[in-house]
Structure formats: structure tokens, C-alpha cells
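Coordinate inspection notes
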Amino acid sequence: MSVRVARAAWARDWGAGCRRGASNFPLPPPGAVNVAELLRDATAAEEGPREAAARRRRPPGQCSVLLFPGQGSQVVGMGRGLLGYPRVRELYAAARSVLGYDLLELSLHGPQEALDRTVHCQPAVFVASLAAVEKLHHLQPAVIENCVAAAGFSVGEFAALVFAGAMEFSEGLHAVKIRAEAMQEASEAVPSGMLSVLGQPQSKFTFACLEAREHCKTLGIENPVCEVASYLFPDCRVISGHLEALQFLRKNSCKYHFRRTKMLPVSGGFHTRLMEPAVEPLARALKSVGMKEPLVSVHSNVDGNRYRHPKHIRKLLARQVVSPVKWEQTMHAVYGRRKGTEFPKTFEVGPGKQLGGILKSCNLQAWRSYGHVEVLEDPEDDGT
């Protein structure tokens with residue numbers, strides 16, 4: 001059995017893995033079957049050095065990359081376009097056991113205000129993205145079989161790691177649940193948020209953040225936070241921090257040569273030290289996860305590099321909540337190649353097309369092979 005066939009087997013069997021892992025919560029199940037073990041056993045037994053080398057030499061145009069969106073992509077109705085495909089309802093049933101509430105009902109019918117809460121939207125995006133993988137496997141199985149790399153934006157990184165076999169679904173969702181709850185609590189402690197900023201080559205993001213912090217000090221705010229939290233594409237950043245700092249930047253956007261600013265639909269200043277209280281709860285949750293080496297390359301938000309081993313994954317996933325998301329750097333790492341070399345097919349699996357838009361700005365040639373798996377509507381699905 002080749003890795004390609006093994007990965008197809010993962011796509012067939014992951015629903016069963018979800019069912020086996022959907023009990024004994026709030027703690028993750030100690031005996032949960034990890035589908036990655038099945039893949040690893042088959043690969044080690046039947047794929048020799050020659051076959052592995054041949055797989056690595058596969059033409060890039062025959063390979064695929066999956067991108068998993070993050071918080072902020074959620075929208076009421078997501079999941080409706082997935083329900084007609086095998087095992088998707090089972091996936092949401094497993095999620096209900098892990099979370100203790102009906103995630104499918106919330107995703108389909110809202111209200112949007114409830115779905116937007118960090119504690120809800122992170123699990124919702126995580127599950128919808130993995131359900132979209134099931135749809136993609138049903139429609140284009142070769143994309144799953146030939147996948148060589150995956151990356152996820154913020155919480156999307158957890159979905160990418162589950163897809164790559166590094167975590168079992170229910171354990172991954174449990175870690176996301178703990179992460180979301182801890183980040184929700186941290187965001188409620190300090191009025192903060194995130195500001196998307198489209199700048200220009202002459203924009204000075206670091207200087208703007210410095211002056212915004214100085215402004216906050218004049219208002220009596222101690223140790224104010226205002227810093228770049230996400231590198232999206234050239235001249236585009238997301239800045240996180242105290243609301244007063246973000247308001248100052250919007251008011252003075254012309255001074256810093258910002259072309260456009262927009263507040264994001266999130267509840268806190270994520271990926272800064274304001275999220276420090278969330279690190280320890282997440283680190284504890286990750287210790288209980290039966291982490292494995294990913295079967296495909298998964299790139300970290302912290303530095304854009306590939307994860308190497310389970311200890312590395314645990315360390316960087318915990319650090320990620322207080323570190324900027326280096327998505328632009330990740331896109332360069334995933335798609336960097338010599339001139340004239342083909343690009344892989346790219347699929348965004350989950351709500352929205354934001355990552356496709358970012359890819360277009362980072363690498364136009366790679367974007368020409370981009371596709372999106374729709375999660376909102378499907379002609380074959382008549383609802384719940």
C-alpha cells in the first residue's frame with residue numbers, strides 16, 4: 001500500500017475514528033483509536049525506499065495543498081453544503097459529545113452573535129473545515145490521495161494537523177474547545193480586538209503601534225498592547241491590542257499611510273501577550289493528546305516552517321496564541337520553487353475564501369491553481 005492509498009483509507013475511516021473517540025468527556029478519551037497509526041503501520045510495512053523516493057519525485061502539478069481557515073471566517077449556514085456527504089452528520093454528532101452542545105444547529109441557524117463568540121466559532125470552523133475535507137474526498141479523491149502539504153490559519157492549524165494524522169479528531173477538538181474557552185476568558189478580561197490594515201510600501205506598522213501604545217499611556221492604561229498579530233501579504237497586517245490603541249490607529253490612518261482599516265469580528269486581541277492566560281490551559285490539554293508525526297508537511301504559524309515531531313507540535317501550538325501568525329511567510333515556504341516549476345493544486349477547505357484571496361496577493365501563479373470547497377449550499381442538500 002502506498003502513502004497515496006493509505007491517505008485515501010484515512011478519508012474512508014476517519015468517521016469511524018470519530019465515533020470511537022466521542023465519549024468520556026470533558027477529558028479526551030484515553031483509548032481513542034488514532035487513524036494515523038493505521039496509516040503509519042501500512043506505510044512502514046509496504047512502502048520501500050524506492051517507492052518512497054518515487055513519491056517524492058511526483059510532478060508538482062499532480063500534487064495538492066490544503067489550506068484551513070481560522071476564526072473570523074464563520075458565517076451562519078456553514079455546514080449546509082456538506083450534510084449530503086458520507087459521515088458529515090456523524091462528525092457533528094461526535095462534536096456534540098465533545099462540546100456538550102449542538103454545534104450543527106448553531107452553525108446552520110445561529111444567531112450570528114452566538115456563532116461569533118470565540119468559545120463557539122473556533123470549534124465551528126474546525127469541524128466545518130474537516131467536514132469539507134470529507135466532501136472534497138467524495139468529489140475529488142485524488143486531491144486527498146496526492147496531498148503533500150497543509151497549513152491552517154490560527155485555529156485552522158489544528159484542523160490541518162488532524163487531517164495530517166498528527167491528532168485524532170476528538171482529541172483535537174477537545175484541545176480546540178479548551179483553547180477557545182481560555183481565549184474567550186482572556187478576551188473578556190481586557191477590552192481588546194483586532195484591526196486589519198491594508199498599507200503601502202511606505203507604511204510603518206511598528207512605528208504606528210508604538211505611537212498607539214504611547215497614546216494609551218496618556219489615557220492611564222498600564223502596559224498597553226498594540227502590535228502586529230498577523231502577516232497576511234505584502235503591506236497587509238492585522239494589528240491586535242487594546243481597543244483604545246486600535247481606535248487611535250483608525251483615526252490617524254492617513255498619518256501612517258494606511259489605505260484601509262477594518263475591525264475584525266473577533267472578541268479579543270489574539271496572538272499577543274493579552275492571551276497569556278490561555279497558554280497554560282492549552283498546554284495542559286495538548287499534553288493529553290496522543291500526538292504523532294504528521295503524514296504530510298504541516299507548516300507552523302509561529303515561524304512558517306514544517307513541524308518535525310510531536311514535541312515540536314505541542315510547544316508551538318501553545319506558543320501560537322501569543323505569537324503573530326506568519327501566514328505570508330508560510331505561503332512563501334509552501335509555494336517557493338524555481339522559475340518554470342509547476343505549482344500544486346490548492347484547495348481551501350472551510351468557510352470563506354479569505355485564504356485564497358491572500359494567496360492571490362502572495363503568489364499569483366500559485367493562486368491560478370486554487371479552488372474552494374463550498375460549505376454553505378449544495379444543490380443535493382435540502383437542509384436538516
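Look up a bit, the structure's there.
So, here is what we can say about the structure in this document. (Residues numbered from 1 in each chain as written. Predicted model: local features only at pLDDT ≥ 70, side-chain atom pairs only at ≥ 80, totals over all residues. Heavy atoms only, no water.)

Quick notes on the pairing of strand E3 (residues 192–198)
A large share of E3 lies buried, amounting to 7 of its 7 residues. The alternating pattern of E3 places Ser-192, Met-194, Ser-196 and Leu-198 and Gly-193, Leu-195 and Val-197 on opposite faces, both of which are buried. Two elements, E3 and strand E5 (residues 236–242), share 7 bridges in a ladder whose sense is antiparallel. Directly across from Leu-195, in E5, lies its bridge partner Ile-239. In the sheet, E3 pairs with strand E6 (residues 260–263) via 4 bridges, with the strands oriented antiparallel. Of the residues in E6, the one forming a bridge with Leu-195 is Met-263. (Buried < 20%, exposed > 50% of the residue type's maximum accessible area, 1.4 Å probe, protein only. Helix = DSSP H or I, 4+ residues; strand = E, 2+ residues; numbered from the N terminus. Pairing = 2+ DSSP bridges.)

A few points about the sheet that holds strand E9 (residues 345–349)
Sheets are built from strands paired through backbone hydrogen bonds, the pairs being either parallel or antiparallel. Here we have 5 strands laid out as an open sheet, ordered E7-E2-E1-E9-E10, and parallel in their pairing. At either end of the open sheet lies a strand with only one pairing partner, and these are strand E7 (297–299) and strand E10 (370–373). Within this sheet the neighbouring strands show an average axis-to-axis angle of 20°, counted without direction. Inspection of the sheet shows strand E1 (residues 64–68) paired to E9 by 4 bridges, in the parallel sense. Note that in E9 the partner of Val-65 across the bridge is Thr-346. On the sheet, helix H16 (residues 354–362) packs against E1, E9 and E10 and is oriented at approximately 145° with respect to E9. (Axes fitted to C-alpha atoms, helices over the stretch in contact; angles between N-to-C directions. Contact = heavy atoms within 4.5 Å.)

Structural notes on the packing of aromatic side chains
On inspection of all chains with the given rule, the structure shows 6 aromatic pairs. Aromatic pair Phe-126 and Phe-169: ring centres 5.8 Å apart, planes at 25°, arrangement stacked. With Phe-126 in helix H7 (residues 118–139) and Phe-169 in helix H10 (residues 169–189), the pair connects residues that are 43 residues apart, well separated along the chain. Residue Phe-126 shares its accessibility class with Phe-169, and that shared class is buried. Seen in terms of ring centroids, Phe-205 and Phe-258 are 5.5 Å apart; in terms of plane orientation they differ by 20°. Their pairing is stacked. On the criterion of sequence distance, the pair formed by Phe-205 in helix H11 (residues 205–218) and Phe-258 in the loop between helix H12 (243–251) and E6 is long-range, its members being 53 residues apart. Judged by relative accessible area, Phe-258 falls into the buried class, the value being 6%. Cluster of aromatic residues (ring-pair linked, three or more members): Phe-205, Phe-207, Tyr-256 and Phe-258. (Phe/Tyr/Trp six-rings, centres within 6.5 Å; stacked < 30°, edge-to-face > 60°.)

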